[in-house]
Amino acid sequence: MSDLAAALRREIEGEVLDDDYSRHLFSRDASMYAITPRGVVAPRHAGDVVAAVRVAAEHGAAVLPRGAGTSLAGQTVGDALVLDLSRHMSAILDLDPEARTARVQPGVVQDQLNRAAGAHG
Ligand SMILES: Cc1cc2nc3c(=O)[nH]c(=O)nc-3n(C[C@H](O)[C@H](O)[C@H](O)COP(=O)(O)OP(=O)(O)OC[C@H]3O[C@@H](n4cnc5c(N)ncnc54)[C@H](O)[C@@H]3O)c2cc1C
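The structure displayed is predicted, hence computed values, not measured ones.

Overview of the site of the ligand
In the vicinity of the ligand lie 14 residues, with P65, G67, G69, T70 and S71 positioned nearest. In this structure, P65 approaches the ligand through a main-chain N or O atom, which is 2.5 Å from an oxygen atom. S71 is positioned such that a nitrogen or oxygen atom in its side chain is 2.7 Å from an oxygen atom of the ligand. Out of a free accessible area of 980 Å², the ligand has 43% covered by protein chains. Of the residues assigned to the shell around the ligand, the class counts are 7 nonpolar, 6 polar and 1 charged.

As structure tokens, this is what we get:
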């Protein structure tokens, strides 16, 4: 286990993945590029995100947030700590049809929001 992964496991409630298989899975998005990340964190809440950013900085690692990974130009691959926000942080917190606004967690994908908003026409 890397020093970075060990430190993250002490601080974070969500999953910390640094095995070769998981890092391989997150080395790709919908683009043609592939770069193996240093590790992957699936934060359970905002406190986990804060802790992950702090621990990554302490270990000199860049941080790379990831939603659905559908970006087409390699935006979600890199020599970095990937934050997989789709696993636990994908709730629609508030939808206001009158004001036409929504508050969402960062892992929400557009289809999910469209379905919720579509119920209001
Ligand atoms: C088949 C297909 C069709 C598409 N059609 C369209 C289209 O019609 N119109 C269009 O505009 N795009 C389209 N795209 C592009 C793609 O869907 C968009 O780039 C989309 O916005 C990516 O969202 P994502 O959540 O998958 O982000 P990801 O691919 O996971 O990440 C994209 C970038 O955003 C950053 N990021 C992700 N989450 C966060 C966060 N919470 N905080 C900070 N940074 C974050 C990542 O680090 C990365 O740099 C298409 C892609 C595919 C595969």
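Some thoughts on the pairing of strand β2 (residues 39-42)
The two faces of the sheet receive side chains in turn, since in a regular strand these alternate between them. Going residue by residue along β2, you find G39 and V41 tucked away on one face and V40 and A42 tucked away on the opposite face as well. In the sheet, strand β1 (residues 15-17) pairs with β2 via 3 bridges, with the strands oriented antiparallel. Within β2, the residue paired with V16 across the bridge is V41. One ladder, built from 3 bridges, connects β2 with strand β4 (residues 80-84); its direction is parallel. Considered in β4, the bridge of V41 is made with L83.

Some words on the nonpolar core
Residues L8, I12, V41, A52 and L81 are the most contacted members of the largest nonpolar core, which totals 16 residues. The set of elements that each furnish at least two residues to this core consists of α1 (3-11), α3 (46-58) and β4. Ignoring any residue separated from it by four or fewer positions in sequence, one finds L81 in contact with L4, L8, G39, V40, V41, A52, A56, A62, V63 and L64. One finds V40, L64, A80 and V82 within the second-largest nonpolar core, a separate group that totals 6 residues.

Considerations on the domain arrangement of the protein
The domain boundaries assigned to the protein delineate domain 1 (3-84) and domain 2 (90-121). On a C-alpha basis, the centroid separation for the pair domain 1 and domain 2 is 26 Å.

A word on the pairing of strand β5 (residues 92-96)
Taken together, the 4 bridges between β5 and strand β6 (residues 101-104) define a ladder with antiparallel strand orientation. Residue pairing in the sheet places D96 in a bridge with T101 of β6. The turn joining β5 and β6, which pair antiparallel and follow one another in sequence, is formed by 4 residues; a positive phi near 55 degrees is taken by R100.

The rules behind the values
- Residues numbered from 1 in each chain as written.
- Predicted model: local features only at pLDDT ≥ 70, side-chain atom pairs only at ≥ 80, totals over all residues.
- Heavy atoms only, no water.
- Near = heavy atom within 4 Å.
- Polar contact = N/O pair within 3.5 Å; in protein donor to acceptor, adjacent residues only side chain to side chain.
- Areas by Shrake-Rupley, 256 points an atom, 1.4 Å probe, with all protein chains shown as cover.
- Nonpolar A, V, L, I, M, F, W, Y, C, P; charged D, E, K, R; others polar.
- Buried < 20%, exposed > 50% of the residue type's maximum accessible area, 1.4 Å probe, protein only.
- Helix = DSSP H or I, 4+ residues; strand = E, 2+ residues; numbered from the N terminus.
- Pairing = 2+ DSSP bridges.
- Core = buried A, V, L, I, M, F, W, Y, C linked by side-chain atoms within 4.5 Å.
- Contact = heavy atoms within 4.5 Å.
- Domains from an automatic or database assignment.

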